[in-house]
Amino acid sequence: MRVPPAVYVLGSSVFVLGTTEFMIAGLLPEIASDLDVTIPQAGLLISAFAIGMTIGAPVMAVATLRLPRKATLLAASAVFLAGHVLGALAPSYEVLMVARVVSAVATGAFWAVAAVVAVRLSPADATARALAVLVGGLTLANVLGVPAGTWVGQQLGWRAAFWAVAALSVLTAAAVAALVPRAAGTSAARPRVRDEVRVFRGRRIWLALATTAAFQAAMFAAFSYFAPLLTDVAGLDEADVPLVLALFGLGSFLGITIGGRIADRGLFLNIVGSLVALAVTMTVLALVSGSTAGAIAAVFAVGVAGFSIAPGLNARVFVVAGDAPTLASSVNTSAFNVGNTLGPWIGGAAISAGWGYVAPVWLAAGLALVALGIAVAAWDQERRHERALIPAGGPALATCDA
């Protein structure tokens, strides 16, 4: 079955959201100079966005639970737009910090609701592919949006990059208004906060969230330091690093596309297989990092292997949450951002300890194995859950996709 066009509209919105989350990393010198702060202080704008996503996503999911899904998407888009207008006009570092947090909260709210809408709009055998479209929007943001936003900021000033994202958000909001059905994402029963919270009483959701956080920490422990690894260890010219990172992005997009199809056939087949592949490709990257050609090929392979898991991780949360997925989806977004925070810190600590630029890759391989262990435990828990649903001598009353 095909993914509905409205899901691609939501994916385009995620593209814009992802662009603003990451493009600021390439504009730190311009922002620091203009607002008279240090580079590390400007870097806190990235951390502020991650924290806003981590906390804001579940808070906004609860706050907007009883609102129509489409109205919530449009409201989040409006707040996102306001945050970028405020950021573009910010007279001081403090105002820009507030704008980043506001934008992050809106991003978290949009992502959580968009995931629910995408799943409920799609046929049962295409839900993972629908979620892959959303994650694909984020991947394309890294491949196309971030370099474009950085270029605009460097050529026309960092404020121009904020205006450009604001303009794109208007276009995507208009597409959501026109093409996403009014009743999209609604369920027969009225959503209740206690039903959403009840999901978190069992081990299954916590194992799913822990897998997400551990995987993301593995990816970002290595990815955050790919640039110095490629130049100082692999001997790549600094000017060629963006091309290799773009190749990584293309690999990620390929991985998401493949992973979505596998996940629709079996979620744990996708999750476990991807984590095994990630551990293997990270190990290969560490071993061949001294070779320019080998490192480039391995970076591409890491992109394919790593991001192939994304559809499965997101779809798994929907399976566990059942008819109350909004809060669980938003907390899964928070789990991704926990990994975004921990991974670079772990990799940076290894470098600061004098272990070199290959050390984060080895640590990433280890973290992938940790995530694999959690995923296997989740698989075992799922089997126990299914057996508990089978009456003695009778057929299963309900099953979950494994």
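Every chain begins its residue count from 1, and numbering advances along the sequence as written. Residues qualify for local features only when their pLDDT is at least 70, as the model is predicted, and side-chain atom pairs are given and counted only at 80 or more; totals for whole chains, interfaces and linings, by contrast, use all residues. With hydrogens and water stripped out, all remaining heavy atoms of the structure feed into the side-chain values.

How would you sum up the overall build of the protein? Please name residues and give values.
Only DSSP runs of H or I covering at least 4 residues are called helices, and only runs of E covering at least 2 are called strands; the numbering of each starts at the N terminus. Within the protein one finds 16 helices and zero strands. The C-alpha atoms of the protein give 21 Å as radius of gyration, which agrees with the globular expectation for 402 residues (21 Å, within 12%). The principal-axis extent of the C-alpha atoms belonging to the protein is close to 70 × 45 × 35 Å. Per-residue burial over the protein gives 54% buried out of 402 residues. Here a residue-residue contact requires only that any non-hydrogen atoms of the pair lie within 4.5 Å. By sequence separation, contacts in the protein at least 24 residues apart represent 83% of the contacts at least 6 residues apart. Only the protein chains shown count as covering a residue, and every accessible area follows the Shrake-Rupley method with a 1.4 Å probe. Carbon and sulfur atoms form 69% of the exposed surface of the protein, whose accessible area is close to 16,600 Å². Charge assignment in this entry is limited to Lys and Arg as positive and Asp and Glu as negative, and neither His nor the chain termini are counted. Taken as the charge location is NZ of Lys, CZ of Arg, CG of Asp or CD of Glu. Placing the 22 positive and 18 negative side-chain charges of the protein at their respective mean positions leaves the two points 17 Å apart. Radius of gyration: over C-alpha atoms. The globule rule applied is 2.2 Å multiplied by the number of residues raised to the 0.38 power. Buried, partly exposed and exposed residues are distinguished by accessible area as a fraction of the type maximum, computed with a 1.4 Å probe on protein chains only: under 20%, between the cut-offs, and over 50%, respectively.

Tell me about empty space enclosed by the protein, residues and numbers included.
Buried and open spaces are told apart on a 1 Å grid over the protein atoms alone, a cavity being a set of points where a 1.4 Å probe fits but cannot get out and a pocket being an open set with protein on both sides within 12 Å along at least five of seven lines. Residues with an atom within 4 Å of a point are the lining residues. Grid points are joined across faces, edges and corners, and a volume is the space filled by probe spheres set on the points. In the structure shown here, the tally under the stated rule is two cavities of 30 Å³ or more. Taken together, Leu-207, Ala-208, Thr-211, Phe-268, Ile-271, Leu-313, Arg-316, Ala-375 and Ala-378 form the lining of the largest cavity. Those elements giving two or more residues to the lining of the largest cavity turn out to be α9 (203–223), α12 (267–288), α14 (310–321) and α16 (359–388). The dominant element in the lining of the largest cavity, judged by the number of residues it contributes, is α9, at three residues. Classifying every residue of the lining of the largest cavity by side-chain character gives seven nonpolar, one polar and one charged. The computed volume of the second largest cavity comes to approximately 50 Å³. Along the walls of the second largest cavity sit Ser-13, Val-16, Leu-17, Ser-77, Phe-80, Phe-110, Ser-169 and Thr-172, which together make up its complete lining. Residue polarity is assigned by list, with Asp, Glu, Lys and Arg as charged and Ala, Val, Leu, Ile, Met, Phe, Trp, Tyr, Cys and Pro as nonpolar; anything else, Gly included, falls into the polar class. Split into classes, the residues belonging to the lining of the second largest cavity amount to four nonpolar, four polar and no charged.

Summarise the side chain of Glu-196; cite the residues concerned and give the values.
Here Glu-196 is to be found in helix α8 (residues 193–198). Pairing of N or O atoms within 3.5 Å defines a polar contact, subject to two protein rules: one partner must be a possible hydrogen donor and the other a possible acceptor, and residues neighboring in sequence count only if both atoms are side-chain atoms. From its side chain, Glu-196 meets the backbone nitrogen of Leu-327 in a polar contact 2.9 Å long. In contact with Glu-196, not counting residues within four places along its chain, are Leu-65, Ala-324, Pro-325, Thr-326, Leu-327 and Ala-328.

Which residues make up the packing of helix α4 (residues 69–89) against helix α5 (residues 93–121), and what values go with them?
One can describe the packing of α4 onto α5 by two numbers: an axis separation of 8 Å at closest approach and a directional angle of 155°. Classified by the angle their axes make, α4 and α5 are roughly antiparallel. Remark: the crossing between α4 and α5 carries left-handed chirality. The residue makeup of the contact of α4 with α5, split by class, is 17 nonpolar, seven polar and two charged. Axis angles are defined between N-to-C directions and span 0 to 180 degrees, where every axis is a line fitted to C-alpha atoms and, for a helix, only to the segment in contact. For classification, angles of less than 35 degrees are called roughly parallel, those exceeding 145 degrees roughly antiparallel, those between 65 and 115 degrees roughly perpendicular, and all remaining angles oblique. Left-handed describes a crossing whose near helix is turned anticlockwise from the far helix through less than a right angle; right-handed describes the clockwise counterpart.

Which residues make up the environment of Val-98, and what values go with them?
On the secondary structure map, Val-98 appears in helix α5. According to the relative accessible area criterion, Val-98 is partly exposed, its value standing at 47%. Spatially, the C-alpha atom of Val-98 lies 15 Å from that of Ile-55, the residues being 43 residues apart in sequence.

Residues and numbers for the environment of Ala-371, please.
Positionally, Ala-371 belongs in helix α16. Residues Ala-371 and Val-95, spaced 276 residues apart in sequence, show a C-alpha to C-alpha distance of 38 Å. Sequence-distant contacts of Ala-371, defined by excluding residues within four places in its chain, comprise Thr-211, Ala-214, Phe-215 and Leu-275.

So what about the packing of aromatic side chains? Which residues, and what values?
For Phe, Tyr and Trp, where Trp contributes only its six-membered ring, two rings pair if their centres lie within 6.5 Å, and the inter-plane angle classes them as stacked under 30 degrees, edge-to-face over 60, or tilted in between. Under the definition given, this model contains eight aromatic pairs. Here the aromatic rings of Phe-248 and Phe-307 are separated by 6.0 Å at their centres, their planes lie at 80°, and the arrangement is edge-to-face. Here Phe-248 is found in helix α11 (residues 241–263), whereas its partner Phe-307 is found in helix α13 (residues 292–307), with 59 residues between them in sequence. Its relative accessible area of 17% is what places Phe-307 among the buried residues. Ring centres of Phe-268 and Trp-379 lie 5.4 Å apart, and the angle between their planes is 5°; on these two criteria the pair is classed as stacked. One end of the pair, Phe-268, is in helix α12; the other, Trp-379, is in helix α16, with 111 residues separating them in the sequence. Members of the aromatic cluster, connected to one another through ring pairs, are Phe-220, Phe-223, Phe-226, Phe-248 and Phe-307. When the NZ atom of lysine or the CZ atom of arginine is within 6 Å of a ring's centre and also within 35 degrees of its normal, the charge is said to sit over that ring. Sitting over the ring of Trp-379, Arg-383 keeps its end group 4.8 Å from the ring centre.

Run through helix α2 (residues 28–35), naming residues and quoting values.
Listed as buried for α2 are Leu-28, Ile-31, Ala-32 and Leu-35. Looking down the long axis of α2, one finds its buried residues gathered within 100° of arc, a one-sided arrangement. At the exit of α2 stands Asp-36, carrying a positive phi of roughly 60°. Each direction from the helix axis to a C-beta atom contributes to the arc, which is the arc of those directions.

Could you give an account of the nonpolar core, with specific residues and numbers?
Only buried Ala, Val, Leu, Ile, Met, Phe, Trp, Tyr and Cys residues count toward a nonpolar core, and they belong to the same one when joined by side-chain atoms within 4.5 Å. One finds Leu-10, Leu-134, Met-219, Met-282 and Leu-285 to be the most contacted residues of the largest nonpolar core, which totals 101 residues. If one sorts the elements of this core by residue count, α5 sits on top with 13 residues. Aside from chain neighbours lying at most four places away, what touches Leu-285 is Phe-226, Leu-229, Ala-295, Ala-298, Val-299, Val-302 and Val-361. Ala-61, Ile-205, Val-317 and Val-331 belong to the second-largest nonpolar core, a separate cluster that totals 15 residues.

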